[in-house]
Amino acid sequence: MEQTIPEVIRTVPLQYYVFFATTLFCIGVVGVLTRRNAIIIFMCIELMLNAVNVLLTAFSAYRADPNGQIFVFFIMAVAAAEVSVGLGIIVMIYRNFQNTDVNLLNRLKW
């Protein structure tokens, strides 16, 4: 039983999805490495997760296999948990230091 790729998905080549996801991931990495604001770093991490989701969805659609889309669902669930915990930590840091600069977190060391 051979599954065919739907015509709608074949209109955009797979290489475009790979290039788009790579660009998103690189923007996220640059943002994490160059920014000091904790909220912006947090958003860049989410951007990297979304780049992975785009790739998993594209490969899943091109192979006509729903397993990649199921993985995307679980990644989104983990990302939602990460958002709740991460924002809680960022809010507590802001309450203590009145700033979200990650360089100020050196005060948390022993």
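Thresholds applied
- Residues numbered from 1 in each chain as written.
- Predicted model: local features only at pLDDT ≥ 70, side-chain atom pairs only at ≥ 80, totals over all residues.
- Heavy atoms only, no water.
- UniProt positions renumbered as here; feature names shortened; annotations may be inferred.
- Helix = DSSP H or I, 4+ residues; strand = E, 2+ residues; numbered from the N terminus.
- Rg over C-alpha atoms; globule rule 2.2 N^0.38 Å.
- Buried < 20%, exposed > 50% of the residue type's maximum accessible area, 1.4 Å probe, protein only.
- Contact = heavy atoms within 4.5 Å.
- Lys, Arg positive; Asp, Glu negative; His and termini not counted.
- Charge placed at Lys NZ, Arg CZ, Asp CG, Glu CD.
- pLDDT = per-residue confidence, 0-100.
- Expected span 1.5 Å × (residues − 1).
- Phe/Tyr/Trp six-rings, centres within 6.5 Å; stacked < 30°, edge-to-face > 60°.

Where an unreviewed UniProt entry is consulted, the protein chain appears under the name NADH-quinone oxidoreductase subunit K, with the organism given as Hymenobacter jejuensis. The UniProt entry for the protein chain carries the following comment under Subunit (unreviewed entry): "NDH-1 is composed of 14 different subunits. Subunits NuoA, H, J, K, L, M, N constitute the membrane sector of the complex." On record in UniProt, under Catalytic activity (unreviewed entry), the comment for the protein chain is "a quinone + NADH + 5 H(+)(in) = a quinol + NAD(+) + 4 H(+)(out)".

A. Examining the overall build of the protein chain more closely. Along the protein chain, the regular secondary structure elements total 4 helices and 0 strands. Each helix and strand of the protein chain, ordered N terminal to C terminal, gives the series α-α-α-α. The C-alpha radius of gyration computed for the protein chain amounts to 18 Å, which surpasses the reference 13 Å derived for 110 residues by more than 25%, pointing to a less compact arrangement than a globule. Reported as C-alpha extents along the three principal axes, the dimensions of the protein chain are approximately 60 × 25 × 20 Å. With 110 residues in all, the protein chain has 22% of them scored as buried. Summarising the internal contacts of the protein chain: among those between residues at least 6 apart in sequence, 57% fall at separations of at least 24. Once the 7 positive and 6 negative side-chain charges of the protein chain are each reduced to a mean point, those two points are 17 Å apart.

B. Layout of the environment of isoleucine 70. Looking at the element boundaries, isoleucine 70 is found in helix H4 (residues 67-97). C-alpha of isoleucine 70 to C-alpha of leucine 14: the two residues are 56 residues apart in sequence and 19 Å apart in space.

C. Spotlight on the UniProt feature "transmembrane region" (unreviewed entry) in the protein chain. The UniProt entry lists residues 14-33, 40-64 and 70-94 under the feature "transmembrane region" (unreviewed entry), expressed in the numbering used here. Across residues 40-64, the secondary structure splits into 96% helix and 0% strand, with the terminal C-alpha atoms separated by 36 Å. Secondary structure content for residues 70-94 is 100% helix and 0% strand, while the C-alpha to C-alpha distance between its ends is 36 Å.

D. Representation of the confidence of the model for the protein chain. In the predicted model, the protein chain carries a mean pLDDT of 86, and the fraction of residues at 70 or more is 94%. The element-level mean pLDDT for the protein chain is lowest in helix H1 (residues 7-10), coming to 74, with helix H2 (residues 14-34) highest at 95.

E. Representation of helix H3 (residues 38-63) in the model. For H3, with 26 residues, the first-to-last C-alpha span of 38 Å sits near the 38 Å given by 1.5 Å per residue. Listed in full, the buried residues belonging to H3 are Ala38, Ile41, Phe42, Cys44, Glu46, Met48, Ala51, Asn53, Ala58, Ser60, Ala61 and Tyr62. If you follow the buried residues of H3, they end up packed against H1, H2 and H4. Taken from the residues just after H3, alanine 64 is the one with a positive phi, measuring 55°.

F. Local environment of the packing of aromatic side chains. One pass over the structure, following the stated rule, counts 2 aromatic pairs. When the centroid spacing of 6.4 Å and the interplanar angle of 70° are considered together, the rings of tyrosine 17 and tyrosine 62 count as edge-to-face. With tyrosine 17 in helix H2 and tyrosine 62 in helix H3, the pair connects residues that are 45 residues apart, well separated along the chain. Look at tyrosine 17 and you get partly exposed, because its relative accessible area is 29%. When the ring of phenylalanine 73 is compared with that of phenylalanine 74, the centres are 5.7 Å apart and the planes differ by 65°; the resulting orientation is edge-to-face. For phenylalanine 73, a relative accessible area of 57% gives the class exposed.

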